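Residue strings, one per chain:
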Amino acid sequence: MQWQCLGFDQLTTDQLYDILKLRVDVFVVEQNCPYPEIDGHDRVQGTYHVVAYENGMLMAYLRLLPAGLTYDCVSIGRVITSEAARGRGLGSELLRQGLAYAEQLWPGENIEIGAQSHLQSYYHRFGFTVFSEEYLEDGIPHIDMRLTKNQPAV
């Protein structure tokens, strides 16, 4: 598995195509959820794209967003594995890689996510805790979760 963390301007056109195709295939088609997948955050300065390729095929992807773009804290979004990669533990490795890259980019910063509610226990295993009530996003139940790294001074 070949892992990379790239800014928008570092992505090749093939990589960008692979990313957008995978996101639409899963988040829009597979989850039957028509929504504006291309949201303008991909090319914002400070956004990074974590990709995993195997034999020239995009197997896993997530997006790292700087603080203030979608949440007050650094955030992770669009966490996804291809259908061909499922059942191999690649989702957990993807999250570990994403958290490691986030720590390199923003050392010690808290990380927030908008998780699909049914994945709460999955993200909890990585240290994320719920900090919101459940809400609907594009017709799918979500919750906001936070990985707290720095505690405010008392």
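Along each chain, the written sequence defines residue order, and numbers are assigned to residues from 1. Note on the predicted model: pLDDT of at least 70 is required for a residue's local features to be given, and 80 or more for side-chain atom pairs to be given and counted; whole-chain, interface and lining totals, by contrast, use all residues. Side-chain figures throughout are based on the complete set of non-hydrogen atoms in the structure, without hydrogens or water.

S.K.: Can you tell me about the overall build of the chain, naming the residues and giving the values?
M.R.: In this description a helix means any DSSP run of H or I spanning at least four residues, a strand means any run of E spanning at least two, and both kinds are numbered starting from the N terminus. When its secondary structure is counted, the chain shows 3 helices and 8 strands. Taken from the N to the C terminus, the helices and strands of the chain come in the order β-α-β-β-β-α-β-α-β-β-β. Overall size of the chain, expressed as C-alpha extent along the three principal axes, is 50 × 35 × 30 Å. Relative accessible area decides the class of each residue, using a 1.4 Å probe on protein chains only: under 20% of the type maximum gives buried, over 50% gives exposed, and in between gives partly exposed. Split into buried and exposed, the 154 residues of the chain put 46% on the buried side. The contacts in the chain between residues at least 6 apart in sequence include a share of 59% that link residues at least 24 apart. Reported accessibility uses the Shrake-Rupley method at a 1.4 Å probe radius. Residues are deemed covered only where the shown protein chains occlude them. When the accessible surface of the chain is totalled, it reaches about 8400 Å², and 51% of it is carbon and sulfur. This count recognises Lys and Arg as positive and Asp and Glu as negative, with His and chain-terminal groups excluded. A charged residue contributes its charge at one atom only: NZ of Lys, CZ of Arg, CG of Asp or CD of Glu. The average position of the 11 basic charges and that of the 20 acidic charges among the side chains of the chain differ by 4 Å. Note on definitions: a residue-residue contact is assigned when non-hydrogen atoms from the two residues lie within 4.5 Å.

S.K.: Tell me about the nonpolar core, residues and numbers included.
M.R.: In terms of nonpolar packing, the biggest core is built from 28 residues, with Leu 64 and Phe 128 touching the most fellow members. Elements that contribute at least two residues to this core include exactly strand E1 (2-7), strand E2 (48-54), strand E3 (57-65), strand E4 (74-81), helix H2 (90-105), strand E5 (111-116), helix H3 (120-124) and strand E8 (140-147). The leading source of residues in this core is H2, at 6 residues. Once residues lying within four places of it in the same chain are set aside, the contact partners of Leu 64 are Cys 5, Gly 46, Thr 47, Tyr 48, Val 50, Ser 75, Ile 76, Gly 98, Tyr 101, Ala 102, Leu 105 and Trp 106. Counting residues in each nonpolar core, the second largest holds 15 residues, with Leu 22, Val 51, Tyr 53 and Leu 58 among its members. Here, nonpolar core refers to any group of buried Ala, Val, Leu, Ile, Met, Phe, Trp, Tyr and Cys residues whose side-chain atoms link them within 4.5 Å.

S.K.: So, the environment of Leu 90: which residues are in play, and what are the values?
M.R.: Here Leu 90 lies in helix H2. What makes Leu 90 buried here is its relative accessible area of 7%. Sequence separation between Leu 90 and Ala 52 is 38 residues, and the spatial gap between their C-alpha atoms is 9.3 Å. Excluding residues that lie within four positions of it along the chain, Leu 90 makes contacts with Met 1, Trp 3, Met 59, Ala 60, Thr 81 and Ala 85.

In short, geometric facts, not functional conclusions.
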